[in-house]
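Notes for the structure review
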Amino acid sequence: MRAAVYHGPRDVRVEDVPEPELDEPTDAVVRVTHTAVCGSDLWFYRGDSDRETGSLIGHEPMGIVEAVGDDVRSVEPGDRVFAPFKASCGTCEFCRKGLHTSCVNGDGWGGDNGGAQGEQIRCPHADGTLVRVPDRYADDEDALRSLLPLTDVMGTGHHAVVSAGVEAGDTCVVVGDGAVGLCAVLAARRLGAERIVAVGHHEDRLALAEEFGATDVVGERGEAAIERVLELTNGGANHVAECVGAASSMETAAEVCRPGGTVGYVGVPHGLDGGLDLFSFFGDNIGIRGGVAPVRAYAEDLMADVLQGTLDPAPIFTKTVDLENVAEGYRAMDEREAIKVLVEVGE
Ligand SMILES: [Zn+2]
Ligand SMILES: [Zn+2]
């Protein structure tokens, strides 16, 4: 099969690799039809994080079930499914408490199960991992494009605002205008936030944030951004969603959080080697919650809203490439030409 292979910083190639096969009776093989390039893929792409040369990449798969092991009950060949960026069993202590990313039987993509930016994957723990798209929408291309972000960024943005404790009527600040931040805006609106302040650096992305429901956008940088948010919120918001993961965005989140409020953080931490300055949280009793998003826990609820037409993250896909041109997708995201790239793999 064809699959994207990592060869080193800024060197992604599509090559022939062995097809994954059923291994455990709980496995399914899925023929990938849609996948995406993630902001988190840019860390290894830019050489900012280590990744083994020759490894398969991608972690946001959607496709058609090709084969299932003897113990798989929830899906069968021909079903349209998608999978989160982590496989999970659905039955262990942590899956049961909705923390599927801590599944004791969990697994990521990219090893011998195939990367999600390839023609096929072997999905471990298919019953726990795969989310089946109702038959009525199984070939509805618009619905599929809107569901694809549930593999990662939509669930992650949702986790940020849930972790920040956003409820109906609240004011929420979203720090970051990448795909996750934009999805956090959608999620905050979905939860009924009355005021949503989006903070970012890109005019086009902030415009999309407004389309998604942000009531205010702040495009200033550094101190000026903080001052502007404090002005807009009369001294800070009780709920702040941090969707970048950089030291500076964590600091901004703390600064714009109202004393006693909560920062929900989901950005993969990077550039924090010097540590996080806890004093900005300490002084005003600001809580920090969040972490890697258990997107599997949110998939059914978010899917229901997408399918009834009240939630649509599809506009984050500002570029579409086919699998053979996935390197162009990485380049476009690296150079910030695209917010997020959808990869069409096959029918
Ligand atoms: Zn991702
Ligand atoms: Zn589990």
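Our subject is the structure listed above.
Predicted model only: the values in this text are computed from it and were never measured.

Counting secondary structure elements, the protein chain contains twelve helices and 17 strands. Relative to a compact globule of 347 residues, whose C-alpha radius of gyration would be 20 Å, the protein chain shows 20 Å and is just as compact. For the protein chain, the spread of C-alpha atoms along the three principal axes comes to 60 × 40 × 35 Å. Looking at the protein chain as a whole, 55% of its 347 residues are labelled buried. Excluding contacts between residues fewer than 6 apart, the proportion of contacts in the protein chain whose partners are at least 24 apart in sequence is 68%. Summed over all atoms, the accessible surface of the protein chain reaches about 14,400 Å², with 44% contributed by carbon and sulfur. Put simply, the protein chain has 28 plus and 60 minus side-chain charges, and the middle of one group is 2 Å from the middle of the other.

Bringing the coordination of the zinc ion (ligand 2) into the picture now. Looking at the zinc ion (ligand 2), one finds its protein donor set to be Cys 89 (SG), Cys 92 (SG), Cys 95 (SG) and Cys 103 (SG), positioned 2.3 to 2.4 Å from the metal centre. What the four donor atoms of the zinc ion (ligand 2) show is an angle range of 99 to 118 degrees at the metal, which sorts the shape as tetrahedral. The sequence pattern formed by the donor residues of the zinc ion (ligand 2) is C-x2-C-x2-C-x7-C. Placement of Cys 92 in the loop between β6 (86-87) and α2 (93-96) and of Cys 103 in the loop between α2 and β7 (107-108) is noted, with a sequence separation of eleven residues between them.

Let us look at the coordination of the zinc ion (ligand 1). All of the protein donors around the zinc ion (ligand 1) are Cys 38 (SG), His 59 (NE2), Glu 60 (OE) and Asp 152 (OD); their distances to the metal are 1.8 to 2.2 Å. Because the angles between the four donor atoms bound to the zinc ion (ligand 1) fall within 99 to 117 degrees, the donor set is best described as tetrahedral. Sequence spacing of the donor residues for the zinc ion (ligand 1), all on one chain, is C-x20-H-E-x91-D. Placement of the pair is Glu 60 in the loop between α1 (41-45) and β4 (62-68) and Asp 152 in the loop between α4 (141-147) and α5 (153-163), with a sequence separation of 92 residues. Asp 152 carries the same exposure label as Glu 60, and that label is buried.

This part takes up helix α6 (residues 179-190). With twelve residues, α6 extends 16 Å between its outermost C-alpha atoms, agreeing within 8% with the 16 Å of an ideal straight helix rising 1.5 Å per residue. When you tally the buried positions in α6, you get ten out of twelve residues, the bulk of the element. All buried positions along α6 are accounted for by Ala 179, Val 180, Gly 181, Leu 182, Cys 183, Ala 184, Val 185, Leu 186, Ala 187 and Ala 188.

Strands sit in the order β12-β11-β10-β13-β14-β15 across an open sheet of six strands; the sheet is parallel. Single-partner strands in this sheet number two, and they are β12 (216-218) and β15 (287-290). Recorded for the sheet is a direction-independent mean angle of 20 degrees between the axes of neighbouring strands. Sheet analysis places strand β10 (residues 171-175) next to strand β11 (residues 195-199), joined by five bridges and oriented parallel. Directly across from Val 173, in β11, lies its bridge partner Val 197. Contacts from helix α9 (residues 247-256) reach β10, β13 (237-242), β14 (257-265) and β15 within the one sheet, and its direction differs from that of β14 by about 145 degrees.

Phe 82 and Leu 147 are the most contacted members of the largest nonpolar core, which totals 50 residues. Of all the secondary structure elements, the ones that give two or more residues to this core are α4, α5, β10, α6, β11, α7 (203-212) and α11 (295-307). It is α6 that contributes the most residues to this core, nine residues altogether.

Turning our attention to a negative patch on the surface. Among the surface-exposed residues, Asp 140, Glu 141, Asp 142, Asp 312, Asp 322 and Glu 344 lie close enough to one another that they form a single negatively charged patch. Position of Asp 140 relative to the elements: it lies in the loop between β9 (131-132) and α4. Taking the relative accessible area as the measure of exposure, Asp 140 reaches 30% and is therefore partly exposed.

This next bit is on a nonpolar patch on the surface. Nonpolar side chains collect at one region of the surface, where Leu 276, Leu 278 and Ile 288 lie side by side and expose about 230 Å² of accessible area between them. With respect to the secondary-structure elements, Ile 288 resides in strand β15. On the accessibility criterion, Ile 288 (32% relative accessible area) is partly exposed.

Conventions we followed
Residues numbered from 1 in each chain as written. Chains lettered and ligands numbered in written order. Predicted model: local features only at pLDDT ≥ 70, side-chain atom pairs only at ≥ 80, totals over all residues. Heavy atoms only, no water. Helix = DSSP H or I, 4+ residues; strand = E, 2+ residues; numbered from the N terminus. Rg over C-alpha atoms; globule rule 2.2 N^0.38 Å. Buried < 20%, exposed > 50% of the residue type's maximum accessible area, 1.4 Å probe, protein only. Contact = heavy atoms within 4.5 Å. Areas by Shrake-Rupley, 256 points an atom, 1.4 Å probe, with all protein chains shown as cover. Lys, Arg positive; Asp, Glu negative; His and termini not counted. Charge placed at Lys NZ, Arg CZ, Asp CG, Glu CD. Donors = N, O, S within 2.8 Å, 3.2 Å for Na, K, Ca; no water. Tetrahedral: all angles 85-135°; square planar, octahedral: opposite > 155°, others 65-115°. Expected span 1.5 Å × (residues − 1). Pairing = 2+ DSSP bridges. Axes fitted to C-alpha atoms, helices over the stretch in contact; angles between N-to-C directions. Core = buried A, V, L, I, M, F, W, Y, C linked by side-chain atoms within 4.5 Å. Patch = residues over 30% accessible without salt bridge, like charges linked within 9 Å, V, L, I, M, F, W, Y side chains within 5 Å. Salt bridge = Lys/Arg side-chain N within 4 Å of Asp/Glu carboxyl O.

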